[in-house]
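Residue-level structural notes
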Amino acid sequence: MSRVGVVTFPGSLDDRDALRAVKLAGAEPVSLWHRDKDLKQVDAVVLPGGFSYGDYLRCGAIARFSPIMELIIEGAKQGLPVLGICNGFQILCESHLLPGALTRNDHLHFICRDQKLRIENASTAWTADYTQGQEITVPLKNGEGGYVADERTLDMLEAEGRVVARYLELNPNGSRRDIAGITNEAGNVVGLMPHPEHAVEPLTGPTTEGLGFFTSILKQLVKA
């Protein structure tokens, strides 16, 4: 059975939700601690949402230097699939595994809502179970979720098809070009500001349309 690790940092909030989503997708969830110096032979890693280290300095800025991140950064460069959700997306940007940064919402308020997205790239390790152009609804909750980058970087992401998901109907945080998620050039690292792990069961989610992120990686690992 494929093993998917979920990292817990001090201040992580959604690590248990991510572990449950991994299990529902059919993979073996593996808990990883930020100070671990061993990835426990996982086949993929999820960096969950929350407020690692209390969001001091900048969101994700301290977590980026956790011992386990050295292993994840090196692994990602060698093809290890990594999904960063919300705070995890911020950590990926701070780690320079993804370009750009996440900044304070343009309206300066924390926002929590069900958010409609359009999947723009269905060829990454984490989105292969979707179709390009598919619209999904998953929860969104952030105070510093505005994706920013210089125009040259934004143009590059667009030209190379590296925008993974885009906000529809409402841009909830001022993200440039309505970007909700991006991927690296290889497609194994994905950062997403909304929370697919909160949309995996009818009882608790607005939909089950977030489960595709977790079934996607499972199928990619089985195929590999």
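Residues numbered from 1 in each chain as written. Predicted model: local features only at pLDDT ≥ 70, side-chain atom pairs only at ≥ 80, totals over all residues. Heavy atoms only, no water.

Describing the overall build of the chain
As a reminder, the rule being used: Only DSSP runs of H or I reaching four residues or more are called helices, and only runs of E reaching two or more are called strands; each is numbered from the N terminus. Taken over C-alpha atoms, the radius of gyration is set against a globule rule of 2.2 Å times the number of residues to the power 0.38. A 1.4 Å probe rolled over the protein chains alone gives each residue an accessible area, and that area as a share of the maximum for its type sets the label: buried under 20%, exposed over 50%, partly exposed in between. The contact criterion used throughout is that any non-hydrogen atoms of two residues lie within 4.5 Å. Areas reported here follow the Shrake-Rupley algorithm with a probe of radius 1.4 Å; residue values treat only the protein chains shown as occluding. His is not counted here, nor are the chain ends, while Lys and Arg score as positive and Asp and Glu score as negative. Every charge is mapped onto a representative atom, which is NZ of Lys, CZ of Arg, CG of Asp or CD of Glu.
Of the regular secondary structure elements, the chain holds five helices and eleven strands. Expected size for 224 residues packed as a compact globule is a radius of gyration near 17 Å; at 15 Å, the chain falls within 12% of this value. Principal axes of the C-alpha set define a box for the chain whose edges measure 40 × 35 × 35 Å. Here the chain holds 224 residues, and 58% of them are scored as buried. In the chain, the proportion of contacts linking residues at least 24 apart, taken out of those at least 6 apart, comes to 72%. Carbon and sulfur atoms provide 50% of the accessible area of the chain, an area that totals close to 9800 Å². Where the 22 positive side-chain charges of the chain centre and where its 28 negative ones centre are 3 Å apart.

Structural notes on the UniProt feature "active site" (unreviewed entry) in the chain
Under the convention used in this document: UniProt positions are given in the numbering used here, feature names are shortened, and annotations may be inferred rather than shown by experiment.
Under the present numbering, the feature "active site" (unreviewed entry) in UniProt falls on Cys86, His195 and Glu197. In summary, the annotated positions, though distributed over 112 residues, converge in three dimensions, the widest C-alpha pair being only 10.9 Å. Of note, Cys86 is situated in the loop between strand 4 (82-85) and helix 3 (87-94). When near neighbours in sequence (up to four residues on either side) are disregarded, Cys86 contacts Gly49, Lys141, Asn142, Leu192, Met193 and His195. Relative to the assigned elements, His195 resides in the loop between strand 11 (189-192) and helix 5 (212-223). On the basis of relative accessibility, which here comes to 1%, the residue His195 falls in the buried class. Once you skip the residues sitting within four places of it in the chain, His195 turns out to touch Asp14, Gly49, Ile85, Cys86, Val138, Pro139 and Lys141.

Digging into the packing of aromatic side chains
Worth spelling out the cut-off: To pair, rings of Phe, Tyr and Trp, with the six-membered ring standing in for Trp, must have centres within 6.5 Å; the planes then decide the type, stacked if under 30 degrees apart, edge-to-face if over 60, and tilted in the middle. Two conditions define a charge located above a ring, namely a distance within 6 Å from the ring centre to NZ of Lys or CZ of Arg, and an angle within 35 degrees of the ring normal.
Throughout the structure, instances matching the rule amount to two aromatic pairs. In this arrangement the basic side chain of Arg64 is found over the ring face of Phe65, its NZ or CZ atom lying 4.5 Å from the centre.

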